Amino acid sequence: MGQRRCETRRAPRWWVGFVAALVWSAATAQIRYSVSEEVNEGTVVGNIAKDLGLDRGALKERRYRIVSTTPDPLFHVNPNDGVLYVSRKIDREEVCAQSSTCLINLKTVLENPLEVHYVAVEVLDINDHAPSFAEKETRLEISENVLPGTRFKLTPARDPDRGHFSVQQYKLSQNDHFRLEVKDRREDGKIPILVIHKSLDRESVASHSLVLTALDGGKPPKSGDMNIRVDVLDTNDNAPIFNEEVYLVTVGENVQIGTTVIQVNATDLDEGSNGEVVYSFSKSMNQRLSNLFEINPSTGEINVKDLIDYEQNDEYEIEIQASDKGFAPLTTEKSVIVRIVDLNDNAPEIEVTSFSSSIPEDSRPGTTVALISVNDLDSGLNGKVICSLGGDGPFALSPSLQDKMYSLVTKSPLDREKKSQYDVIMFAKDSGQPSLSSEKTISVLLSDANDNSPEFSLSPYTFYVTENNEPGASVFLVKAFDQDENENAVISYHIFRDGGENNKLASFLNINSENGDILALKSFDFETLKKFQFHVVATDSGSPSLSSNVTVNVFILDQNDNPPVILYPLSSNGSAEGVEEIPRNVNAGHLVTKVRAYDADIGYNGWLLFSLQEVSDHSLFALDRYTGQIRTLRSFTETDEAEHKLVILVKDNGNVSLSATATVTVKLVEPKEAFAASDVKSSVKDDKGNNVTFYLMITLGGVSVLFLVSIIVLIAMQCSKSTDYASKYLQETNYDGTLCHSIQYRSGDRRYMLVGPRMSIGSTIVPGSNANTLVLPDRRTSAEVC
């Protein structure tokens, strides 16, 4: 253990205190200083920071201070430079009245991290008190027949100072019959004893006047005087005798006032008043004992006068005396040893020296939360304390190297999101019978750490957006939450864009980074896009930040934004007009034609209904509202007109329905004309210029062939007598009733013919026509006619 001497300097007008020893410990640093009593307020005791090697620049930030439980402490430390000062004048006799060494223990604390340093300051005594006697004058009555060498104890002088400055010697004024002896009684100090040096003769000198002087060890010494008057009495030659050589008794602390501790007994062989014994305390007995005990002068019973506390003193030595009532009373002195038995009358005391009111939730197990000291004023098993924590929390008590010191530490990981505050209850229980206990609650708050990623309320999100939405308007909202708090819970949003094929549509979206509101930068069209998918990332504001993502599925809902499109009839100029030729002799129910249309919408928006908006004769034709088929209601008569115009309205079933119209002109023809094929014109251009004669021959040949075919067909029709003409005419078993017809139209350099269910060899389907329109080659043969 190293030791060195330090000196303290005084600022202007400060008294210079002096420092004794500096002691260092391996576990926790401990310094020892000394300072004289009665120094002025503000006197420097020592520089703790310098002697401990502490960083003076961080003292204030780490809240360097003295932990004190008294409202008016004797010392204080400057948190800026670590210098220890005297806070007020120190009276050693007041602070350490019963101690030979006045040692004041201080606890200094540094936080972040926690450090405890123990500083002991010894208050040195100065010679500021002179010895004094309780009585300025005392009177002794001594029989003339006492033998030389007889001793009489005198009342000692008291000096509040200790050590060298207490009473060190006594002097007796010059005389022939008495001398002085001094007995050292340890705690009670030096006791003056008056000894008969020469026999007394009352007839010569009836009274003697002496002066007793007490001196302390100061330089120069201080002194106090007491006058002694000795009256010489007539003979009483038997002193009282106690019946025990040693009086030893035990008594429990906190016994009731008035309890008898012991009864002493003394006898005197003399008769009369010289044999009557009176008991009293010795004049040299300490005043403190007179406050605790009292003696019955007649019976010798010693009773308890005030509460006895084992923690103040565990043994008392009471000086008693027995005196007779003779004219010159004789006195015998005896000591009574009273040993105090400790009772378990003090509960343990728990003191939180220093603690961090808030610790991060990500603190490792073993992190120190608080430093706790436990003390029990009792002794033995009554003072042995067992400490524990209540509940099943994530904390534990760890014994410190310093006696009766504990550290409150974490024993398992913490999670603020599960519990943000712990009220840790510490129990301290002694081992007495019955045992006493105390408890203290320590509130520990957990500060947040960014240990939770944002969480979306749904995963994945599914949204339905109606097509034709307004660009720039909000279409849907995503929301995430974070279980952390403050900055760690502030969430920002962004759309994940990696340039991949699946994320192309993300470029048409924008998101509010603060609230997750998603805007569409373009209008969606159900007919071109049914659904798409993208990802949203939520990131908190912690350091380092945490993030999570969610998949967003978007389905486009159809609106009735497409009107019906007429596929048939369709004229060469693109208008929905057509001409149908039917024989005049058809029966009722004959399928004239079928109006074909489609709607790009779906569901009810694409469900089409057909109705006759305009018809020349309502009794002739009927329209199926679901299929668009036009059939005859009756047979034609000679009076019916040869041409009828029908306007068909096609509309969808949207909330606000859209419609289109088609015009069909029905012409009644004679049967032989109905089966004549339309004139098909072929025009072949010779790229290199063939001669004109060759083309004329080809043309004449084609006309001749067509003429012959027409004659053959007409003859066959005239020869047919069957009434079920239609069934013979149409030989397809799955025929839907639509007649072959000769309606033709052009689109660009192509010619189109609409036919029934059978397709001609070599025909092709026009894209988007739903298989209702056939593209005919420029030339046809008889095999292509139904």
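Residues numbered from 1 in each chain as written. Predicted model: local features only at pLDDT ≥ 70, side-chain atom pairs only at ≥ 80, totals over all residues. Heavy atoms only, no water.

Regarding a nonpolar patch on the surface
The condition that has to hold: Two joining distances apply to patches: 9 Å for like charges and 5 Å for nonpolar side chains (Val, Leu, Ile, Met, Phe, Trp, Tyr), and every residue must have over 30% relative accessible area and no salt bridge. Note on areas: these come from Shrake-Rupley sampling with a 1.4 Å probe, and a residue is covered only by the protein chains present in the view. Criterion for a salt bridge: a side-chain nitrogen of Lys or Arg within 4 Å of a carboxyl oxygen of Asp or Glu. Secondary structure elements are taken from DSSP: a helix is a run of H or I of four residues or more, a strand is a run of E of two residues or more, and numbering for both begins at the N terminus.
On the surface, Phe707, Leu708, Ile711 and Ile715 cluster together into a nonpolar patch covering about 400 Å² of accessible area. Within the secondary structure, leucine 708 is located in helix α5 (residues 692-719).

Structural notes on the environment of histidine 494
Keep this limit in mind: What makes two residues a contact is simply this: any of their non-hydrogen atoms within 4.5 Å.
Topologically, histidine 494 is positioned in strand β38 (residues 491-495). If we skip the residues at most four places from it in the chain, histidine 494 touches Ile511, His535, Val536, Val537 and Thr539.

Some details on the packing of aromatic side chains
To keep things clear, this is the line we draw: When the centres of two rings from Phe, Tyr and Trp lie within 6.5 Å, Trp using its six-membered ring, the rings pair. Their planes under 30 degrees apart give stacked, over 60 give edge-to-face, and anything left gives tilted. Classification of residues uses two cut-offs on accessible area relative to the type maximum, computed with a 1.4 Å probe and protein chains only: under 20% is buried, over 50% is exposed, and between them is partly exposed. Geometrically, a charge over a ring is one whose NZ (Lys) or CZ (Arg) sits within 6 Å of the ring centre while staying within 35 degrees of the ring normal.
For the structure shown, the criterion picks out 14 aromatic pairs. Summarising the aromatic geometry, the rings of phenylalanine 621 and phenylalanine 636 are spaced 6.1 Å apart at their centres and angled 55° between planes, so their arrangement reads as tilted. Here phenylalanine 636 lies in the loop between β49 (629-632) and β50 (643-651) and phenylalanine 621 lies in strand β48 (residues 621-623), a separation of 15 residues in the sequence. For the pair phenylalanine 621 and phenylalanine 636, one class covers both residues: buried. Among the aromatic residues, ring-to-ring pairing joins Phe456, Tyr461, Phe463, Phe476, Phe524, Phe532 and Phe534 into one connected group. Looking at lysine 522, its charged tip hangs above the ring of phenylalanine 508, at a distance of 4.8 Å from the centre. We note lysine 530 situated over the ring of phenylalanine 526; from NZ or CZ to the ring centre the distance is 4.6 Å.

Details of the confidence of the model for the protein chain
Defined as follows: pLDDT gives the predictor's per-residue confidence on a scale running from 0 to 100.
Of all residues in the protein chain, 83% have pLDDT values of 70 or greater, and the mean over the chain is 79. Taken as a whole, residues 1-28 scores under 50 in pLDDT and shows 73 contacts with residues more than four places along the chain or in a different chain. Low pLDDT (under 50) marks residues 721-786, which in the prediction has 109 contacts with non-local residues, meaning those over four places away or in another chain.

Let's talk about the environment of glycine 46
Within the secondary structure layout, glycine 46 lies in strand β4 (residues 44-47). Given a relative accessible area of 5%, glycine 46 falls into the buried group.

Thoughts on the pattern of salt bridges
Under the criterion given, the structure shown has 18 salt bridges. One salt bridge connects lysine 325 with glutamate 276, and the closest N-O pair in it is separated by 3.2 Å. On the criterion of sequence distance, the pair formed by lysine 325 in the loop between β24 (315-324) and β25 (331-341) and glutamate 276 in the loop between β20 (266-267) and β21 (277-281) is long-range, its members being 49 residues apart. You can call lysine 325 partly exposed: its relative accessible area is 43%. Between aspartate 640 and arginine 634 there is a salt bridge whose closest N-O contact spans 3.1 Å. By relative accessible area, which is 25% here, arginine 634 ends up partly exposed. Each of the salt bridges in this network shares a partner with another, and the network as a whole consists of Arg416, Glu417, Asp448 and Glu485.

Concerning the sheet that holds strand β5 (residues 65-67)
As a reminder of what qualifies: Here, a strand pair is defined by DSSP locating no fewer than two bridges between the strands. The convention used is that axes are lines fitted to C-alpha atoms, helices contributing only their stretch in contact, and that angles between N-to-C directions extend from 0 to 180 degrees.
Read across the sheet, 4 strands follow the order β3-β9-β8-β5 without closing on themselves; strand pairing throughout is mixed. Two strands close off the open sheet at either side, each with one partner strand: β3 (30-36) and β5. Strand-to-strand, the axes of this sheet are offset by a mean angle of 35°, without reference to chain direction. Sheet topology note: the β5/strand β8 (residues 103-110) ladder contains 3 bridges and is antiparallel. By the bridge assignment, valine 67 is partnered in β8 with lysine 107.

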